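As a plain string of letters, each chain reads:
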Amino acid sequence: MKAFAPLSQRIRQKTARVGVLGLGYVGLPLALEFCRKGFRVLGFEVSPARLARLRRGRSYVLDIADDRLEEALGLGLFEPTDKFDRLSACDIIIICVQTPLRKTRDPDLSHIFAATKEAASRMRPGQLVVLESTTFPGTTDEVVRPLLEAGGRRLGKDFFLAFSPERVDPGNSRWNIANTPKVVGGAEPNSTALAAELYGHIVDQVVPVSSTKAAEVVKLLENSFRAVNIALVNEMAQICHRLELDVWEIISAAATKPFGFMPFYPGPGIGGHCIPKDPQLLTWKMKTLDFEPRFIELASSINGAMPRYTVARIAEVLNKRRRALNGSKILVLGVAYKPDTTDYRDSPALDVMELLRQAGARVSYHDPFVPEVRIDGARWKGAALSDGLLRSSDCVAIMTAHKSLDYRRVIRLASCVFDARNATADIGVSAKVFRL
Ligand code: SAJ
C-alpha cells in the first residue's frame, strides 16, 4: 500500500507525470488529451522524422491539428523525446505501440517487448504501467508483467499494471477519446483503481473489468464482432448474386428492423489496421490452448476470399460484353481501406488490382486521397480521373466509395461500371452499372 496512496494522490491532483510510449494514431491523441486536462506529458517516439515534426508542431495524425500540438508544446505540457532514460521521471507509463501480424499470421510482439524493456530498465518504485496495444489475451500478465518484475519488483507494491484497449477511430467526428467509454483492467485491484482514476480525468466513462485479460478480450470481441458480421454480409452478397437479388436492397430493407439487427455492408474485402488483424490475435492464442475458433476463422477466410470473388465478378461482367479480362483496360476507383481516408494499409483494393494484373488486365487506379501505392514492392502511381481515361476503360471498378468522387460523371463517361461498394446507389438503375 505504501506506493499506492502517493501515486493516487498525484493522479488526483494531476501532478503525476504521464509518459506515453509510441506516438502514433493512438499515442499522440492520448498524450494531448492528458495535456488538455493539465497533465505534463513526456511523449516517447523512436522515429526521428516523427520527433522532428512534433517538435516543429507539425502533426502527422489525422485527428490532431497543428495548433493543438503547438498549444501543448507552448504551454510546456507536452514534450516529445527519444531519451528513454526520462521514463524514470514518469509516474505513469502508457504503452501504445503496434502489434502487427507476421507473414505466418502469428503476433509480432517485438514492439511491446522493446517498449516494456525500456520501461523496465528505468523503473522506480510507485509507477503505473498501462498497455493499450491490441494484443492476444494474456500478453499483459504473461509478457509485460514478468519483464517489470525483473530484479524482484513486486506487482501491487513496487509497481502497478493494467490493460486498457484503445478505441480510437481516426476521422470519426462523433466519437472521440473523451466521450468513448474506456475499458480498464488491472493486474490486481490497486492497479485497476489507479488506472481508472487516471483515465477518469480524460474520459466521461471508465469501465473497470476484473483483469487485464478481460480487458484484452473485450477489445478482441469488439473487432471480431465486426469481422464476422462483415463476413456474413459478404457471404450474403454471394447468395444474393446466385438468387439474382440485389444484396444492397436486401440489407437496406432488413435495416428497417428497429431492433435486433445492425447493418453491415459487403465489399471487396476488409482492410485497415484492426479488423483483419485483431480476430487473428484471438485465434492464435486459442490454438495454443488447443481450441479451434472455427467461426472466427471462417469469417477470416470468407473476408480474405472477397478480392478474388470481386475479380471473378468483374470477369463475368466483361464476359457478358464479349471481353476477356486478359487485355482489358480496367480503372480501379478508390484504393484506401475505407472511404474518405488516406490510409490504404491492407486495403482489399490492392489485392483486387494485383489479381487483375495477374489475369492480364491493364490496370490503373484513381484515388483522390492516395497519390501512389506500393504492392509487393512495386510502385503504382494514381492516374488523373480524366474524361479520356473513363471513356477508354473497358470497366471502371469502384472499390472504395469516397464521397468526393462524382459517380454520375463516371457512369456518364464509362462504358461499364462494377460497383463493389454501392457508391452509385442514389443514381438509380443503369445498364452500365453492375453491383457486388
Ligand atoms: N467494412 C466492410 N463492411 C462493413 C464495415 C467495414 O466491408 O460493414 C470494411 C471496411 O471497408 C474496411 C474494414 O472493413 O476495409 C474495416 O472497416 P471498419 O469500419 O471496421 O474501420 P476500422 O478498421 O477503422 O475499424 C475501427 C475500429 N476501431 C478500433 O479498433 C478502435 C473498429 O472497432 C471500429 O468499430 C471502426 O473503426 C468504426 O466503427 O469505424
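Sequence order as written defines the numbering, with residues in each chain counted from 1. Two thresholds apply to this predicted model, a pLDDT of at least 70 for residue-level local features and 80 or more for giving and counting side-chain atom pairs, whereas whole-chain, interface and lining totals are computed over all residues. To get the side-chain values, take all heavy atoms of the structure and skip hydrogens and water.

Asks: Sorry if this is basic, but what is going on with the sheet that holds strand β5 (residues 127–131) here?
Replies: Pairing between the strands of a sheet is mediated by backbone hydrogen bonds and can be parallel or antiparallel. Note: two strands are recorded as paired if DSSP finds a minimum of 2 bridges between them. Per the convention used, a helix needs a DSSP run of H or I reaching at least four residues, while a strand needs a run of E reaching at least two, with both numbered from the N terminus. In space, the eight strands of this open sheet follow the order β3-β2-β1-β4-β5-β6-β7-β8, with mixed pairing throughout. The open sheet has two edge strands with one neighbour each: β3 (78–81) and β8 (206–209). Adjacent strand axes in the sheet meet at a mean angle of 25 degrees when their direction is disregarded. When checking whether two residues touch, look at their non-hydrogen atoms; a contact exists if any pair is within 4.5 Å. Angles run from 0 to 180 degrees between N-to-C directions of axes, and those axes are lines fitted to C-alpha atoms, restricted for helices to the stretch in contact. Where helix α2 (residues 27–36) meets the sheet, its contacts fall on β1 (18–21), β2 (41–44), β3 and β4 (92–95), and the angle it forms with β3 comes to roughly 150 degrees. Lying on the sheet, helix α6 (residues 139–148) is in contact with β5 and β6 (159–163); it crosses β6 at an angle near 155 degrees.

Asks: I keep staring at the packing of helix α8 (residues 212–242) against helix α9 (residues 247–254) and nothing clicks. Help me out?
Replies: A pair of packed helices can be characterised by two numbers: the angle between their axes and the separation between those axes. The contact between α8 and α9 brings their axes to 9 Å, and the two run at 125 degrees. It follows from the interaxial angle that α8 and α9 lie oblique. Where α8 approaches α9, its residues Val-233, Met-236, Ala-237 and Cys-240 are matched on the opposing element by Val-247, Ile-250 and Ile-251. Per-class residue counts for the contact of α8 with α9 are seven nonpolar, no polar and no charged. These descriptions rest on fixed angle ranges, namely under 35 degrees for roughly parallel, over 145 for roughly antiparallel, 65 to 115 for roughly perpendicular, and the rest for oblique. Throughout this entry, Asp, Glu, Lys and Arg are counted as charged residues, while Ala, Val, Leu, Ile, Met, Phe, Trp, Tyr, Cys and Pro are counted as nonpolar. The remaining residues, Gly among them, count as polar.

Asks: Even after reading the chapter, I still don't get the site of the ligand, so can you show me in this structure?
Replies: A single heavy atom is enough: if one lies within 4 Å of a molecule or strand, its residue is considered near that molecule or strand. If you check the shell around the ligand, you find 18 residues, and the closest are Asp-169, Lys-219, Asn-223, Tyr-265 and Tyr-337. Definition of a polar contact: a pair of N or O atoms within 3.5 Å, with one able to donate and the other able to accept a hydrogen when the atoms are protein atoms, and with sequence-neighbouring residues admitted only if both atoms are side-chain atoms. Within the contact set of the ligand, an oxygen atom lies 2.8 Å away from a side-chain nitrogen or oxygen of Asp-169. Taking Arg-226, its side chain carries an N or O atom lying 2.8 Å from an oxygen atom of the ligand. Expressed as a share of its isolated accessible area of 730 Å², the protein-covered part of the ligand is 85%. Split into classes, the residues belonging to the shell around the ligand amount to eight nonpolar, three polar and seven charged. Segmentation of the chain into domains, including their bounds, is taken from an automatic or database domain assignment. Both domains that meet at the shell around the ligand, namely domain 1 (4–210) and domain 2 (225–435), each give it at least three residues. To be clear on the numbers: accessible area is Shrake-Rupley with a 1.4 Å probe, and residue cover counts the displayed protein chains and nothing else.

Asks: Help me understand the environment of Tyr-265, please; the structure alone is not making it clear to me.
Replies: Within the secondary structure, Tyr-265 sits in the loop between α9 and α10 (278–288). Burial status follows relative accessibility: with a 1.4 Å probe on protein chains alone, a residue under 20% of its type maximum counts as buried, one over 50% as exposed, and anything between as partly exposed. Among the residues examined, Tyr-265 registers a relative accessible area of 43% and is labelled partly exposed. Sequence separation between Tyr-265 and Asn-229 is 36 residues, and the spatial gap between their C-alpha atoms is 8.8 Å. Those residues in contact with Tyr-265 that sit more than four places away from it in its chain are Val-233, Trp-248, Ile-251 and Arg-421.

Asks: For this particular structure, what's the right way to read the pattern of salt bridges?
Replies: Here the idea is simple: oppositely charged side chains can pair when their charged atoms come close. Salt bridges are defined as contacts in which a side-chain nitrogen from Lys or Arg sits within 4 Å of a carboxyl oxygen from Asp or Glu. For the coordinates displayed, the defined rule picks out 33 salt bridges. The closest approach of N and O atoms between Glu-45 and Arg-50, which form a salt bridge, is 3.4 Å. By relative accessible area, which is 32% here, Arg-50 ends up partly exposed. When the shortest N-O distance is used, the salt bridge between Glu-222 and Arg-167 registers 2.4 Å.

Asks: What is the right way to look at the pairing of β8 in this model?
Replies: Working note: regular strand, side chains alternate between the two faces of the sheet. Where strand β7 (residues 182–186) meets β8, four bridges bridge the pair, whose relative direction is parallel. Across the sheet, the residue bridging to Val-184 is Pro-208, located in β8. Crossovers are described as right-handed under a simple rule: with the strands pointing away from the observer, the path leading from the first strand over the helix to the second runs clockwise. This β-α-β element, β7 to helix α7 (residues 189–199) to β8, shows right-handed connectivity.

Asks: Explain the domain arrangement of the chain to me, please; I cannot follow it from the model alone.
Replies: Frequently, the measure chosen for interface size is the accessible area that the parts lose on association. We note that the domain assignment places domain 1 (4–210) and domain 2 (225–435) within the chain. The centre of domain 1, based on its C-alpha atoms, is set 35 Å off from the matching centre of domain 2. Contact with domain 1, which involves 13 residues of that partner, is made by 11 residues of domain 2. Linking domain 1 with domain 2 are two salt bridges. Applying the counting criterion to the domain 1 and domain 2 interface returns four residue pairs in polar contact (both at pLDDT 80 or more). Of the residues assigned to the side of domain 1 that touches domain 2, the class counts are six nonpolar, three polar and four charged.

Asks: Honestly, unusual backbone geometry in this entry has me stumped. Any pointers?
Replies: The phi torsion at Lys-14 lies on the positive side, around 60 degrees, for a residue other than glycine. Examined against the element boundaries, Lys-14 turns out to sit in the loop between α1 (4–12) and β1. Taking the relative accessible area as the measure of exposure, Lys-14 reaches 33% and is therefore partly exposed. With a phi angle near 60 degrees, Asp-290 is a residue other than glycine that sits in the positive phi range. Mapped onto the secondary structure, Asp-290 falls in the loop between α10 and α11 (294–304). For Asp-290, a relative accessible area of 73% gives the class exposed.

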